[in-house]
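Breakdown of the fold
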Amino acid sequence: MDIFLNKNFNNTNVLTRVREKDTFVILIENKNCKMCKKVNKLLADNSVDYVRLNRDKNKDYNKIMKDLELVNKREEYPVVVYVTKGKMTANLFNISDESEVEVFIKNYDLINSK
């Protein structure tokens, strides 16, 4: 039997993980994003080590974006960001289909063993 342990980091821990030079994925979302729920499920189903960052609820959002040197001028969501040792390695903006995320997960070998 496989047991999946989902790390439920709250939003303030995103900044901590970036500053501690951790390697993980960030799902940036907002309250009106329908695709965000699908991407969230896809990341969880693939056991990706990720945290959710809600644009509308996180008081540290701007600090996190600055630390990652990430700009989302058009405010398009969801955004998937791969962080390696506290630095942005890759990102995926303007996601219109789950297959884009599946390719991103595969290309960066983000699936964790259960």
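Up top you'll find the structure we're talking about.
What comes next concerns the included structure. Predicted model only: the values in this text are computed from it and were never measured. (Residues numbered from 1 in each chain as written. Predicted model: local features only at pLDDT ≥ 70, side-chain atom pairs only at ≥ 80, totals over all residues. Heavy atoms only, no water.)

What follows concerns the overall build of the chain. Secondary structure summary: the chain contains four helices and four strands in total. Along the chain, helices (α) and strands (β) appear in the sequence α-β-α-β-α-β-β-α when read from the amino end. Residue burial in the chain is summarised as follows: out of 114 residues, 43% are buried. Long-range contacts, defined as pairs at least 24 residues apart, comprise 62% of the intrachain contacts of the chain with a sequence gap of at least 6. (Helix = DSSP H or I, 4+ residues; strand = E, 2+ residues; numbered from the N terminus. Buried < 20%, exposed > 50% of the residue type's maximum accessible area, 1.4 Å probe, protein only. Contact = heavy atoms within 4.5 Å.)

What follows deals with the sheet that holds strand β2 (residues 50-54). Within the open sheet, the four strands sit side by side as β2-β1-β3-β4. Their pairing is mixed. The strands lining the two open edges of the sheet, one partner per strand, are β2 and β4 (87-92). This sheet shows a mean twist of 25° between the axes of neighbouring strands, independent of strand direction. Two strands pair when backbone bridges link them, and strand β1 (residues 24-29) and strand β3 (residues 79-84) are joined in this way by five bridges, in the antiparallel orientation. (Pairing = 2+ DSSP bridges. Axes fitted to C-alpha atoms, helices over the stretch in contact; angles between N-to-C directions.)

This brings us to the state of the cysteines. One pass over the structure, following the stated rule, counts one disulfide. In this model, Cys33 is linked to Cys36 through a disulfide, with the two sulfur atoms separated by 2.1 Å. On the S-S bond that ties Cys33 to Cys36, the torsion sits near 95°, and the link is right-handed. There is no split in this pair, since Cys33 and Cys36 are both buried. (Disulfide = S-S within 2.5 Å.)

Right, let's talk about unusual backbone geometry for a bit. With an omega of 0°, the peptide bond running from Tyr77 to Pro78 counts as cis. Along the chain, Pro78 turns up in the loop between α3 (61-68) and β3. One non-glycine residue with positive phi stands out, namely Lys21, at about 60°. Here Lys21 shows up in the loop between α1 (12-19) and β1. Unusually for a residue other than glycine, Asp109 sits at a positive phi of about 50°. Checked against the element boundaries, Asp109 lands in the segment after α4 (98-107). By relative accessible area, which is 64% here, Asp109 ends up exposed.

The next thing to look at is the pairing of β3. Side-chain direction in a regular strand flips from residue to residue, so the side chains alternate between the two faces of the sheet. Taking burial as the measure, the six residues of β3 include five buried ones, the bulk of the element. Here β3 pairs with β4 via five bridges, running antiparallel. Across the sheet, Val80 pairs through a bridge with Leu92, a residue of β4.

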